[in-house]
Amino acid sequence: MRSDIVRDVARIPEDEVIMTCVAMDYPDDNFAANAVRSDREGNDEFVRYVGFAD
């Protein structure tokens, strides 16, 4: 969501694609990206788990 920051910090050139990022370190509750919530359906709406206890 903030590839511009990732690019800057990791020194990734514009001609390279960022495929995925993994957050590491302690959470910053004041960082705006941490407040983003998905509006897609939850897993319970379309996933069925078979063979696993609750």
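Whatever comes next refers back to the structure up there.
Residues numbered from 1 in each chain as written. Predicted model: local features only at pLDDT ≥ 70, side-chain atom pairs only at ≥ 80, totals over all residues. Heavy atoms only, no water.

> Just checking my understanding: could you explain the layout of surface pockets for this structure?
By rolling a water-sized probe across the atoms, one finds the places where empty space is left. Of the pockets and cavities examined, the largest pocket occupies roughly 650 Å³. Of the residues belonging to the lining of the largest pocket, the class tally is 13 nonpolar, two polar and three charged. (1 Å grid on protein atoms, 1.4 Å probe; cavity = no way out; pocket = protein on both sides within 12 Å on 5 of 7 lines; lining within 4 Å. Points joined across faces, edges and corners; volume = space filled by probe spheres on them. Nonpolar A, V, L, I, M, F, W, Y, C, P; charged D, E, K, R; others polar.)

> I keep staring at the side chain of R7 and nothing clicks. Help me out?
Locating R7 in the fold gives a position in helix α1 (residues 3-10). In this structure the side chain of R7 is engaged in a polar contact, spanning 2.9 Å, whose partner is the backbone oxygen of E16. Sequence-distant contacts of R7, that is, excluding residues within four places in its chain, are made with I12, P13, E14, E16, V17 and I18. (Helix = DSSP H or I, 4+ residues; strand = E, 2+ residues; numbered from the N terminus. Polar contact = N/O pair within 3.5 Å; in protein donor to acceptor, adjacent residues only side chain to side chain. Contact = heavy atoms within 4.5 Å.)

> What should I look at first to understand the pattern of salt bridges in this one?
Opposite charge on two side chains permits pairing when their charged atoms draw close. Considering all chains together, one arrives at one salt bridge under this definition. A salt bridge links R7 to E14; its shortest N-O distance comes to 3.9 Å. Residue classification places E14 among the exposed positions, given a relative accessible area of 68%. (Salt bridge = Lys/Arg side-chain N within 4 Å of Asp/Glu carboxyl O. Buried < 20%, exposed > 50% of the residue type's maximum accessible area, 1.4 Å probe, protein only.)

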